[in-house]
Each structure stands twice: as structure tokens, then as C-alpha cells.
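Tertiary structure, described
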Amino acid sequence: MDAVLTKPRPAVRPRVNARELMEKLNADAAKLNFWLRTEMNAPSQRAWFTDTGGQTGGGELLKGGRVSANQLKAVPCHWRWKDYGPYLERISRIAAEADISPIKFADRQSILLVNPGLGGRLQITSTMRTAISVYVPRDKAPAHIHSANASRTILTDKGGYTNVEGERCECRRGDIIWTPNGTWHDHGNDDDEPVMWIDMLDWPLLEYLDSAWVDLDYPAAAHTEETVQRTVHTDGYSTRLYGAGGLKPTFVSHQRGWGNDPTPMIHFRGVDVREALERLKNEAGDPYEGIAMQFVNPVTGRSIYPTMDYRAQLLRAGEATQYKRETANTCVIVMEGEGFSEVGGERFDWNRNDVMVMPNFLWRRHVNTGKSPAVLYTVSDAALMRSIGQYRAQGKLADGTVTQIVA
Ligand SMILES: [Fe+2]
């Protein structure tokens, strides 16, 4: 070993500043892309089993010490239909009246929601991206394929379509249309009115994993002028195959796209979701979620995607859920009703078509303040957290006692 490294320390230590010397070394080493530890490892979060705070909003979340200075964390946030809706209308007018469709140069006509805690990144949580798209009559988005799992939740009453691997899915309000990773899909609007929907993708997660890709070279386009898929299965194919819960057809392949166990149920109808919730409205429900149901892959019974979990929940008139927090990020879409949610100490008064994000680890609850039911759709990364052994959930009773829901 080098003699310099083995030289013993002197009995009386010289009064030189070790940290300054270390920082000088650091300045020298920077060009080599390494860093000499000159300070303690700042914890990004306190332990789950302690009260981690987060009762208050984004600023407090940061000031309270839960998040160290150079880290980015999603904060609670609320996007109101009354704020974003007019922008969709303005985009529609440009799309209908200007020289070319914005789809030509921007690929999509959409608003991307940006979480203010994430430094301007196009994502609402560490794992999910949310866009709100509009397609005016005669719009067509060419067929493409990507590694991200995606969905669209339809806001407009009718109009527009998505074709997934040849299955034509006509859009109605409350429908969810899934495009599992590795499925060819194209979108468009053959109707008379603009169609609006909310896109959810696990794109930021795949970017982090360095496995985000898109292919726009639809194979059929090499031989024809076609940039969209031919319809192989008419509207309602998914429902005909898998719409009878508990019955699985045995004469078709359930593989769609290239993923592992992708959901073959491509299109779930809002009217069926609403009826299913209605049938259960007199049950006790869950104290933290009300009457809640999970969308599942009908073949495996697991979440729709390994990365994203989709649910629908009904809150009865006046119903207030108890506080809950979980190790998952959740995006909420208000499909019906009015009320408010408290997320990390912030109150969001919501109405139809509003979107909220409830970041990982923050106490939250929902209150239906209306005289009729409220219906919320949620998309979360709970499926991912569960599969890597990191999912936990706690509830809080009225007296402040914290209970373990999933320990
Ligand atoms: Fe896509």
C-alpha cells in the first residue's frame, strides 16, 4: 500500500480545517464526476411510523424538513374544469380555423398538467403524466405504438374514437379506454362536436428507467396511404368478450400488444361502471373510500397495469371519508357531484371534471357536500408500489389514533 495512506496520525493534531480541505479536494475532483462526502446524508423523509407531518400544503411540506433542499417532490394540487376548460375551447377554435391542425406540429392538442413541486417537469407525480386532450371533427392522430401504458378517460358525452389493435372504441362520457404497452393505437373524431378526454401515462417512470420509446412507423403505412388502423373488431368487442364478470371466453387469445399479461379488456364503459356502483350504494362501503371498485385485468384479476391501478368510487350524499394515507401517488378525476377533499392539509373544493393529485404519504379525505352521489375515478401507482413490496396504508380515527390498514 502507498506509504502516504499508512502514515500514522500525529499525537497532537494540527489545527487545519478538515472540511475546507475536503471541499478543496471536491473542487478539484468535480471534473472527474465524483463527489467526496463533506456533509451528512440528509434524509428525504422521516420514517413512515412517525408522524411525518405533511398536514399542511406544499410550502410547509418543504419548510417542515420532510424534503431536503435539492429534492423534487409532488405536492397536492387541483386543476379546475372552469380554469382549464376554456383553454380546450380555445385550442378547438385554433384547430378548426387556423391554417393547419396543431396535431401536425405538436402531435397532440392537449394541456399537460404540471405539478408545481416537480420543477416544471411534464408530470403530476414521480411516476405519472396527465394530459387533457381535445379532438375536433375530422381530426386524426396517426397510428403509433409506445412502451408507456396509457389510458383515456372520456369527459364529453359522445364523439371521438380510439382504435386499439383494430378494436374500434367509440367514446362516451365515463368510459376508460386502455392502451397497454406495445399496442398500436390511433385516435380521431368523426362526429360533429369536439371530444375531450384525460390521458394518463406511466411515462415518467419509464423515462426514469430509460425505457421510454415511441414508434410512429405503422407497418401498413408502408404499402398504403393509411396512417390509421383498419377496424377489425367493432365497437363493444371488449364488452362482448369480457363484460360478463367472472366469465372468460376460451376461444380467443388474451394477449394484446407486447407486454406481460396486458389487459385484454381495452374499453370499459362508463355506463357499466355507474350501474355497478349504483347496485352497491346501500352497502356499508369502506370508511376511507366509500363504495369503491377496482378495474382489473379480467384474465389475471390483477390491476389493469403493473404500474397503474384504476378505481371508481361513489360517495353518497353527505358522506365524509376518514383520513387515510398510503405509499402511493393518486390522481383523482371528478366524474360526478361536488364536494371537497383535504390533501396534506390543503382543501380543494371540487366539481365535475376537476382533477386533483394526492401525493404519496399525505393524509387525505373526501367529503361529498352535495345532495346527490359523487363519483370519483382514481389512477394511482399503488400497483407498482405493491409489486416492489413498498405499499403501506394507514388510517386516522376521529381521536387522532393512527391505525394500520396495510402494514
Ligand atoms: Fe399513444
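Below you will find a few notes about this structure. Counting from 1, residues in each chain are numbered in the order their sequence is written. In keeping with the predicted nature of the model, local features appear solely for residues at pLDDT of at least 70, side-chain atom pairs appear and are counted solely at 80 or more, and the whole-chain, interface and lining totals rest on all residues. In computing side-chain properties, one takes all heavy atoms of the structure into account and sets aside hydrogens as well as water.

Helix and strand content of the chain: nine helices and 23 strands. Partly exposed residues are those whose accessible area sits between 20% and 50% of the maximum for their type, while under 20% is buried and over 50% is exposed, using a 1.4 Å probe and protein chains only. The 407 residues of the chain split such that 49% are buried. Of the accessible surface of the chain, which amounts to about 21100 Å², a share of 52% is contributed by carbon and sulfur atoms. Only DSSP runs of H or I reaching four residues or more are called helices, and only runs of E reaching two or more are called strands; each is numbered from the N terminus. Every accessible area reported is derived by Shrake-Rupley at a probe size of 1.4 Å, with residue values counting cover from the shown protein chains alone.

The protein atoms that coordinate the iron ion are His 144 (NE2), His 146 (NE2) and His 185 (NE2), at distances of 2.1 to 2.2 Å. Read N to C, the donor residues that coordinate the iron ion are spaced as H-x1-H-x38-H. Linking His 144 in strand β4 (residues 140-146) with His 185 in strand β9 (residues 185-188), this pair joins segments that are 41 residues apart in sequence. Both residues of the pair, His 144 and His 185, belong to the buried class. In this description, a donor is an N, O or S atom within 2.8 Å of the metal centre, a cutoff extended to 3.2 Å for sodium, potassium and calcium. Water is not part of the atom list, which can make sites seem incomplete.

Side-chain rings of Phe, Tyr and Trp (the six-membered ring for Trp) are treated as a pair once their centres are within 6.5 Å; stacked means planes under 30 degrees apart, edge-to-face means over 60, and tilted covers the remaining angles. Scanning the entire structure with this criterion turns up 10 aromatic pairs. Residues Phe 295 and Tyr 377 carry aromatic rings whose centres are separated by 6.1 Å and whose planes lie at 75° to one another, so their mutual orientation is edge-to-face. With Phe 295 in the loop between β13 (291-294) and β14 (309-315) and Tyr 377 in strand β21 (residues 374-380), this pair connects stretches of sequence that are 82 residues apart. In this structure Phe 295 comes out as buried when scored by relative accessible area, which is 6%. Aromatic side chains Tyr 305 and Tyr 310 sit 6.0 Å apart centroid to centroid with 70° between the ring planes, which places their arrangement in the edge-to-face category. Classification of Tyr 305 by relative accessible area gives buried; the value is 1%.

Before going further, it helps to examine the sheet that holds strand β1 (residues 77-79). With respect to topology, six strands assemble into an open sheet ordered β1-β19-β16-β21-β14-β13, the strand pairing being antiparallel. The sheet is open, and its two borders are formed by β1 and β13, each paired with just one other strand. Pairwise comparison of adjacent strand axes, ignoring direction, gives a mean angle of 20° for this sheet. Think of it this way: DSSP has to see at least two bridges between two strands before they count as a pair. Note: strand β16 (residues 330-336) against strand β19 (residues 355-358), four bridges, orientation antiparallel. Note that in β19 the partner of Ile 333 across the bridge is Val 355. By definition in these notes, contact holds between two residues if any of their heavy atoms fall within 4.5 Å. Note on geometry: axes are lines fitted to C-alpha atoms, helical ones only across the stretch in contact, with angles between N-to-C directions running from 0 to 180 degrees. Together, β13, β14, β16 and β21 form the strand contacts of helix α8 (residues 270-279), whose direction differs from that of β14 by roughly 50°.

In this section: the pairing of β14. Looking along a regular strand, one sees side chains alternate from face to face of the sheet. Across the seven residues that make up β14, a large majority, six, are buried. In this sheet, β14 lies alongside β13 in antiparallel orientation, the contact comprising four bridges. In the strand pairing of β14, Ala 292 is matched with Gln 313. In the sheet, β14 pairs with β21 via seven bridges, with the strands oriented antiparallel. Among the inter-strand pairings, Gln 313 is bridged to a residue of β21, identified as Leu 376.

Looking now at helix α2 (residues 18-29). The first and last C-alpha atoms of α2 sit 16 Å apart over 12 residues, in line with the 16 Å expected at 1.5 Å per residue. With a side-chain oxygen lying 2.9 Å from the backbone nitrogen of Arg 19, the N-terminal cap of α2 falls on Asn 17. Multiplying 1.5 Å by the helix residue count minus one yields the expected span of that helix. Polar contact is defined as a pair of N or O atoms within 3.5 Å, subject to the rule that within protein one atom must be able to donate a hydrogen and the other to accept it, and that residues adjacent in sequence are counted only when both atoms are side-chain atoms.

The next thing to look at is the nonpolar core. Grouped together as the largest cluster of nonpolar side chains are 35 residues, with contacts concentrated most on Trp 79, Tyr 84, Ile 198, Phe 295, Tyr 310 and Tyr 377. Sequence-distant contacts of Tyr 377, defined by excluding residues within four places in its chain, comprise Thr 153, Gly 174, Ile 176, Gly 270, Val 273, Arg 311, Ala 312, Cys 331, Val 332, Ile 333 and Met 335. Joining through side-chain atoms within 4.5 Å is the link that ties buried Ala, Val, Leu, Ile, Met, Phe, Trp, Tyr and Cys residues into a set, and such a set is a nonpolar core. In terms of nonpolar packing, the next biggest core, distinct from the first, is built from 11 residues, Ile 154, Cys 171, Ile 177 and Val 195 among them.

Think of a patch as exposed residues, more than 30% relative accessible area, with no salt bridge, where like charges cluster within 9 Å and nonpolar side chains (Val, Leu, Ile, Met, Phe, Trp, Tyr) cluster within 5 Å. In the sections that follow, a salt bridge refers to a side-chain nitrogen of Lys or Arg positioned within 4 Å of a carboxyl oxygen of Asp or Glu. Nonpolar side chains collect at one region of the surface, where Leu 112, Val 114 and Leu 122 lie side by side and expose about 200 Å² of accessible area between them. Mapped onto the fold, Leu 112 is located in strand β2 (residues 110-112).

A word on helix α4 (residues 81-97). Residue pairs spaced three or four apart in an α-helix point in one direction, given the helix's 3.6 residues per turn. With 17 residues, α4 extends 24 Å between its outermost C-alpha atoms, agreeing within 8% with the 24 Å of an ideal straight helix rising 1.5 Å per residue. Against β1, α5 (102-106), β2, β3 (129-135), β10 (195-201) and β19 lie the buried residues of α4.

In this section: the side chain of Arg 325. Looking at the element boundaries, Arg 325 is found in strand β15 (residues 323-326). Arg 325 sits in the buried class, given a relative accessible area of 3%. A polar contact is formed between the side chain of Arg 325 and the side chain of Gln 394, at a distance of 2.7 Å.

On to the state of the cysteines. Here, the term disulfide refers to a pair of cysteine sulfur atoms separated by no more than 2.5 Å. Scanning the entire structure with this criterion turns up zero disulfides. Cys 169 supplies the cysteine sulfur nearest to Cys 171, a cysteine that is in no disulfide, at a spacing of 7.7 Å. According to the relative accessible area criterion, Cys 171 is buried, its value standing at 0%.

With that settled, consider unusual backbone geometry. The phi angle at Arg 138 is positive, at roughly 80°, despite the residue not being glycine. Assignment of secondary structure puts Arg 138 in the loop between β3 and β4. One non-glycine residue, Asp 210, lies in the positive phi region at around 55°. Inspection of the secondary structure puts Asp 210 in the loop between α6 (203-208) and β11 (214-215).

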